[in-house]
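Working through the structure, step by step
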Amino acid sequence: MTVRRAAVTGGNKGIGLAVVERLAADGFSVVAMGRDEAALAKVAAAMPDTVETVACDVADADSIAAAFSATGPFDVLVNNAGIADSAPVRKLPAEQWERLMRVNALGPLLCIQQVLPTMMERGYGRIVTVASIAGHQGAPYIAAYAASKHAVIGLMRSLSAEVAGTGITANSVCPGYVRTEMTDQSIRTIRSKTGRSDDEAMQILIGRTRLGRLIEPEEVAAAVAYLVSHGAAAVNGQSILIDGGDLQQ
Ligand code: NDP
């Protein structure tokens with residue numbers, strides 16, 4: 001069987017790294033993309049036979065084009081790179097809105113445009129975007145982040161309608177709080193705004209969840225691994241919640 005080739009943006013840390021590790025273990029040839037070249041070098045050193053790395057800033061169209069043309073073509077794209085920030089709507093800086101929309105919504109579109117022509121020629125492809133539970137519901141202080149994740153889910157749903165029946169699928173995974181640096185940053189923000197301890201800040205994040213704990217990056221990677229499998233050929237246009245059952249569609 002031919003080895004399938006997968007691109008994972010933000011593949012050097014957190015959820016993206018767990019996806020890279022899982023797809024490499026599942027027999028894919030993986031290209032991990034990111035900006036932090038030291039972190040990329042560690043990934044390449046840890047999985048030299050299965051993983052290549054390339055610098056790629058998903059906020060920069062030229063950087064995306066260079067990274068994909070140097071390493072493609074791909075059978076699988078996992079749009080995982082993303083950033084978070086917070087502010088109350090009344091004070092939300094336009095710059096924060098534009099930055100989050102650029103990285104979290106425009107970045108995935110530009111990456112999809114890099115892989116789609118070849119996928120359409122071949123009649124095969126799997127595209128998965130790591131969105132968020134914030135792509136399904138808003139919450140205080142995360143308007144820009146929630147808007148960017150709603151936007152990218154809309155992108156994936158529309159793409160799924162365009163590619164339906166071609167052998168390509170387009171889906172999103174939507175985790176709640178995952179044990180990564182992004183969540184550590186949320187804890188630090190709660191701590192600095194409220195004066196609570198780290199444990200109290202963690203309770204604010206997970207206290208009202210049914211799961212009662214953070215989600216592990218590997219749990220998100222497991223859902224991605226399913227969606228990119230041959231067996232998921234009929235799953236298209238979905239945004240799968242990985243939140244322990246808090247939101248039910
Ligand atoms: P981390 O902060 O741990 O990692 C973020 C990743 O995105 C890094 O690999 C980073 O690479 C990359 N990245 C950020 N900006 C850019 C950019 N401009 N160009 C290329 N790569 C970039 O976060 P997570 O692993 O938690 O987040 C991964 C995805 O999961 C994000 O889309 C996030 O919104 C989503 N998510 C996270 C949740 C959580 O609770 N943590 C919950 C739901 C969704 P580098 O440092 O090299 O730029």
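Residues numbered from 1 in each chain as written. Predicted model: local features only at pLDDT ≥ 70, side-chain atom pairs only at ≥ 80, totals over all residues. Heavy atoms only, no water.

**Comments concerning the nonpolar core**
Counting residues in hydrophobic clusters, the biggest one holds 32 residues, and the most contacted among them are V19, V20, L23, V30, V51, V78 and V173. Among all residues touching V20, those that are not within four sequence positions of it are V8, G11, V30, A32, V43, M47 and V51. In terms of nonpolar packing, the next biggest core, distinct from the first, is built from 25 residues, C56, A81, I127 and V163 among them. (Core = buried A, V, L, I, M, F, W, Y, C linked by side-chain atoms within 4.5 Å. Buried < 20%, exposed > 50% of the residue type's maximum accessible area, 1.4 Å probe, protein only. Contact = heavy atoms within 4.5 Å.)

**A word on the domain arrangement of the protein chain**
The extent of an interface is frequently quoted as the accessible surface area lost upon association of the parts. Per the domain assignment, the segments making up the protein chain are domain 1 (5–176 + 216–242) and domain 2 (180–214). Each of domain 1 and domain 2 has a C-alpha centre, and these two points are 25 Å apart. Taken together, the contact pairs ten residues of domain 1 with five residues of domain 2. When the two sides are added together, the surface that domain 1 and domain 2 hide from each other amounts to roughly 420 Å², 59% of it contributed by carbon and sulfur. The tally of links between domain 1 and domain 2 comes to one residue pair in polar contact (both at pLDDT 80 or more). Those elements giving two or more residues to the side of domain 1 that touches domain 2 turn out to be α1 (14–25) and α8 (217–227). Partitioned by chemical class, the residues of the side of domain 1 that touches domain 2 number five nonpolar, three polar and two charged. (Domains from an automatic or database assignment. Buried area = accessible area lost by both parts, 1.4 Å probe. Polar contact = N/O pair within 3.5 Å; in protein donor to acceptor, adjacent residues only side chain to side chain. Helix = DSSP H or I, 4+ residues; strand = E, 2+ residues; numbered from the N terminus. Nonpolar A, V, L, I, M, F, W, Y, C, P; charged D, E, K, R; others polar.)

**Re the site of the ligand**
Close to the ligand lie 29 residues, the nearest being N12, R35, D36, Y145 and T180. One of the side-chain nitrogen or oxygen atoms of N12 is found 2.5 Å away from an oxygen atom of the ligand. Take D36: an N or O atom from its main chain is 2.6 Å from an oxygen atom of the ligand. Relative to its unbound accessible area of 870 Å², the ligand is 94% covered by the protein chains. Every element with two or more residues in the shell around the ligand is listed here: α1, α5 (143–163) and α6 (181–194). Counting only domains with at least three residues in the shell around the ligand, you end up with domain 1 (5–176 + 216–242) and domain 2 (180–214). (Near = heavy atom within 4 Å. Areas by Shrake-Rupley, 256 points an atom, 1.4 Å probe, with all protein chains shown as cover.)

**Notes on the packing of aromatic side chains**
Inspection of the entire model under this criterion finds one aromatic pair. Seen from their ring centres, F68 and F74 are 5.7 Å apart, and the 80 degrees between their planes marks the pair as edge-to-face. A relative accessible area of 5% means that F68 is categorised as buried. By relative accessible area, F74 is classed as buried at 2%. (Phe/Tyr/Trp six-rings, centres within 6.5 Å; stacked < 30°, edge-to-face > 60°.)

**Some points on the environment of A234**
Considering the arrangement of structural elements, one finds A234 in the loop between α8 and β7 (239–242). A relative accessible area of 77% places A234 in the exposed class. Placed 69 residues apart in sequence, A234 and G165 show a C-alpha to C-alpha distance of 8.9 Å.

**Considering α8**
Two residues of an α-helix separated by three or four positions point the same way, owing to the 3.6 residues in each turn. Listed in full, the buried residues belonging to α8 are P217, V220, A221, A223, V224, A225 and L227. Buried-residue contacts for α8 involve α1, β4 (76–79), β5 (125–130), β6 (168–175) and β7.

**Things to note about unusual backbone geometry**
With an omega of 0 degrees, the peptide bond between G72 and P73 qualifies as cis. With respect to the helices and strands, the residue P73 is situated in the loop between α3 (61–71) and β4. With a phi angle near 75 degrees, Y141 is a residue other than glycine that sits in the positive phi range. If you trace the backbone, Y141 turns up in the loop between β5 and α5. Taking relative accessible area as the criterion, Y141 reaches 53% and is therefore assigned exposed.

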